[in-house]
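Now for the letters of each chain:
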Amino acid sequence: MESEIKIGKKIFIRNAGKDEYWLQDIIYENPKVLGLGDLVAVNKEKKQSSGGRLDILLKEPTENLMYEVEVMLGETDPSHIIRSIEYWDNEKRKYPQRQHFCVLIAESFDRRYFNVIQLMSLNIPMVAIQADLLEVNGEKILNFSKIIDIYIEPEEDEEDTKQVNEATWNSDSPWTNVNAKEIYGLLKDKHDRIDLRYTQSYISINIDGRNAYWLCKRMKPTSALFFSVKDDEKVEAIKKKFEENDIGYTYNRYKEFMLNVDIKSIKKNIELLNEVHAIRNKKVVEDE
């Protein structure tokens, strides 16, 4: 007989007798709890040239990605947001050859600030994570949930997705066009109706009239590759493929995968990309 599902009650961390440093220590000792991939801790309370200290610096070693993490108990506020961006910018300027992500962690996000962060995330690679301390039958459980992921793109029927031409992208981000064409080349023989489409926000690989994949500009030579997978079984199969091949990725609340690609990584992982595409297009067969 299945165990009864228990209902938890959210309590604030300070009310449980813990402080911000306690939360920082937990994240620093086990960065994977944030759900941002296979991260490792680099530094804590890192002194900044502009004053202040960055709470936590994390790194994804395979892709050399850096995550500047600011932690706050209670509800986020403007100073938390500004400080997070300032420290992210400091580290980005110091190590411009790496990709950097601004991570805000709080127990609660006011609707106004949630909207502000979401707007900023269109131009700054920001992630907002809510830390929830839950009490279940006297036992306390800490959980982290991404509430805003990096570079969430608008739906394809939005007005600002009007098409532009290839020359626009070759002028602004030629490497993203190269990356898109490389992936298109992998898929073009698998589908009768497939083409590249250029919008202001992204380049899409359109299959059978739908955006199958779309790529957004990142720091040269990298692009952010997105694709949507809503079937839970397929999602788990794709996650397993990425993890077996040590590929960093995120899967957001809009049921979209995102990974950073460049021409080198695309060529290196041709077989993997073909396997992922096959999983996405596998027909779901119902049991007889």
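Each value, and the rule that gives it
Residues numbered from 1 in each chain as written. Predicted model: local features only at pLDDT ≥ 70, side-chain atom pairs only at ≥ 80, totals over all residues. Heavy atoms only, no water. Helix = DSSP H or I, 4+ residues; strand = E, 2+ residues; numbered from the N terminus. Expected span 1.5 Å × (residues − 1). Contact = heavy atoms within 4.5 Å. Polar contact = N/O pair within 3.5 Å; in protein donor to acceptor, adjacent residues only side chain to side chain. Salt bridge = Lys/Arg side-chain N within 4 Å of Asp/Glu carboxyl O. Phe/Tyr/Trp six-rings, centres within 6.5 Å; stacked < 30°, edge-to-face > 60°. Buried < 20%, exposed > 50% of the residue type's maximum accessible area, 1.4 Å probe, protein only. Lys NZ or Arg CZ within 6 Å of the ring centre and 35° of its normal.

Draft legend 1. Quick peek at helix α6 (residues 232-244). Taking 1.5 Å per residue, 13 residues should reach 18 Å; α6 reaches 18 Å between its end C-alpha atoms and fits that length. Buried-residue contacts for α6 involve β11 (223-228), β12 (250-251), β13 (256-261) and α8 (270-280). Its side-chain oxygen 3.1 Å from the backbone nitrogen of Glu-233, Asp-231 forms the N-cap of α6. Phi for Asp-246, located one or two positions after α6, is positive at around 55 degrees.

Draft legend 2. Expanded view of the pattern of salt bridges. Scanning the entire structure with this criterion turns up 15 salt bridges. Between Asp-25 and Lys-44 there is a salt bridge, and its shortest N-O distance comes to 2.5 Å. Linking Asp-25 in helix α1 (residues 20-29) with Lys-44 in strand β2 (residues 40-47), this pair joins segments that are 19 residues apart in sequence. A single network of salt bridges, built from pairs that share partners, joins Lys-9, Glu-135 and Lys-140.

Draft legend 3. Summary view of the packing of aromatic side chains. Going through the model one piece at a time under the given rule, you end up with nine aromatic pairs. Consider the rings of Tyr-251 and Phe-257, whose centres lie 4.6 Å apart with planes at 50 degrees: the pair is tilted. Of the two residues examined, Tyr-251 and Phe-257, each falls in the buried class. Taken together, Tyr-213, Phe-227, Phe-242, Tyr-249, Tyr-251 and Phe-257 form an aromatic cluster joined through their ring pairs. Its end group placed over the ring of Tyr-95, Arg-98 keeps NZ or CZ at 4.7 Å from the ring centre.

Take it as geometry only, folks, not as evidence of what the structure does.
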